[in-house]
Structures are given as C-alpha cells and as structure tokens.
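Structural overview for review
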Amino acid sequence: KVNIMKKIFVLLTFLMFIFLTGCGSKIVSIEADDIVACIENFNITDYTFKVVYEDSEETKQMTMNLFSQEDQVKFYELGEHQVTLSYEGVKKVINVTLEERKVIELKANPSTISSYLKEFRYELVELELIYNDGTVETEKLSKSYLSNEDIISLGKPGTYDIEISIEG
C-alpha cells in the first residue's frame, strides 16, 4: 500500500506540474507597425513587435526566422510588400515598403546671400541634404544644381530667386 501511495503521489505531482506549466499566460495577439525604410540600410532586427498576453505585454526584437523564406526574400527587393510575422503560432501581416535612398528635403545656408558680383562664389552657400533614411549630409552649392537660366542670372548684377534641384 505504501508503494502504491508513492506511485499515486508521484503521478499527482507530475499531473499538477503539467497543469501549472500549461496554464501560463497565453498570447492574445501580436502587434507590429508597418515599416518604411531605405533598402540600402534595411535590417529587420532594427524593428520590434509587441506580444500581448492575457495579463501583460512584452516587446520583442524582430528576427529573420520569424518570417517565411518567401517573405525573407522580399527584404531585399524594392517596393511595397506584405509579410507575415509569426511568433509562437500567432501571426500578424505587416506592410514593408523598401525605397531607394533619396533626398527628401533641402536647406540652403544661408538662404539669402548678398555679394558683389566679382566676389560671389557658389561655395558661399552650403546645402543641407536630408535623406529619407534620416541621415543628413552637407555639400557646397555648385552649378550642377542650377538651371542654365539661374547660372546666367547669377553672372549679372541684380537680385534673383534661384531654384536648387537635387535628385528632382
């Protein structure tokens, strides 16, 4: 009888252990924002998603293995893609837009310049180029950024508004 009692006790302990570990917080959903990035420096591990449990939330880093092989290929292609993030059996479709790196804003410093005609040099103006990946570069103004009409105007005395064009 003692041996049978020990076996029953071990069995009940084992069943209780299984019950307690199986009743942990279950995932209710996963949340992830759509991604817009430059393909030149895109890395999926730079992004996170939120796991929502019944009683808490947790932020996790995205990794390649959370996406199918088919979706992983899309991370190297320009364009808009729908990919499926899969975490512990729960799935979330997100949009990933991969663009070429391009200038989205341009600032001229100074934006207004007064100079004698003989002293004017394009290099007096510094351009701040703001790219769609958040980076900023500076360059000196050159003729290549101006129309022929503006170049001719800057060679004559007077006051002119000129248009600077970089990458359209």
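Refer to the structure above for everything that follows.
Here is a short report on the structure shown in this document. None of the values given here were measured: they were computed from a predicted structure.

1. A few points about the pattern of salt bridges
Counted under the stated rule, the structure contains 7 salt bridges. With a shortest N-O distance of 3.3 Å, K74 and D71 are connected by a salt bridge. Taken together, the positions of K74 and D71, both in helix α2 (residues 69–74) and 3 residues apart, correspond to about one turn of that helix. For the pair formed by K74 and D71, the shared burial category is buried. R101 serves as the salt-bridge partner of D133, at 3.0 Å between the closest nitrogen and oxygen. In this pair, D133 sits in the loop between β8 (126–131) and β9 (136–140) while R101 sits in the loop between β6 (90–99) and β7 (103–109), placing the two residues 32 residues apart along the sequence. Residue classification places R101 among the partly exposed positions, given a relative accessible area of 28%.

2. Examining the side chain of T97
Mapped onto the secondary structure, T97 falls in strand β6. Overall, the relative accessible area of 17% leaves T97 in the buried class. Not counting chain neighbours up to four residues away, the residues in contact with T97 comprise I35, V36, A37, G79 and E80.

3. Observations concerning the sheet that holds strand β5 (residues 79–87)
Note on sheets: strands pair through backbone hydrogen bonds, and any given pair is parallel or antiparallel. What the 3 strands build is an open sheet, ordered β2-β6-β5; its pairing is mixed. Edge positions in the sheet fall to β2 (35–38) and β5, since each has one partner strand and no second. Averaged over all pairs of adjacent strands, the angle between strand axes in this sheet comes to 30°, irrespective of strand direction. Summarising the sheet, β2 and β6 pair through 4 bridges and their orientation is parallel. In the strand pairing of β6, I35 is matched with V96.

4. Details of the nonpolar core
Formed by 21 residues in total, the largest nonpolar core has its most connected members in F49, M62 and F67. Here this core gets 4 residues from one element, more than from any other, and that element is β6. Beyond its immediate stretch of four places on either side in the chain, M62 contacts A32, I35, I44, T45, Y47, T48, F49, F67, L85 and I94. Counting residues in hydrophobic clusters, the runner-up holds 12 residues, among them F120, L127, Y131 and I166.

What counts as what
- Residues numbered from 1 in each chain as written.
- Predicted model: local features only at pLDDT ≥ 70, side-chain atom pairs only at ≥ 80, totals over all residues.
- Heavy atoms only, no water.
- Salt bridge = Lys/Arg side-chain N within 4 Å of Asp/Glu carboxyl O.
- Helix = DSSP H or I, 4+ residues; strand = E, 2+ residues; numbered from the N terminus.
- Buried < 20%, exposed > 50% of the residue type's maximum accessible area, 1.4 Å probe, protein only.
- Contact = heavy atoms within 4.5 Å.
- Pairing = 2+ DSSP bridges.
- Axes fitted to C-alpha atoms, helices over the stretch in contact; angles between N-to-C directions.
- Core = buried A, V, L, I, M, F, W, Y, C linked by side-chain atoms within 4.5 Å.

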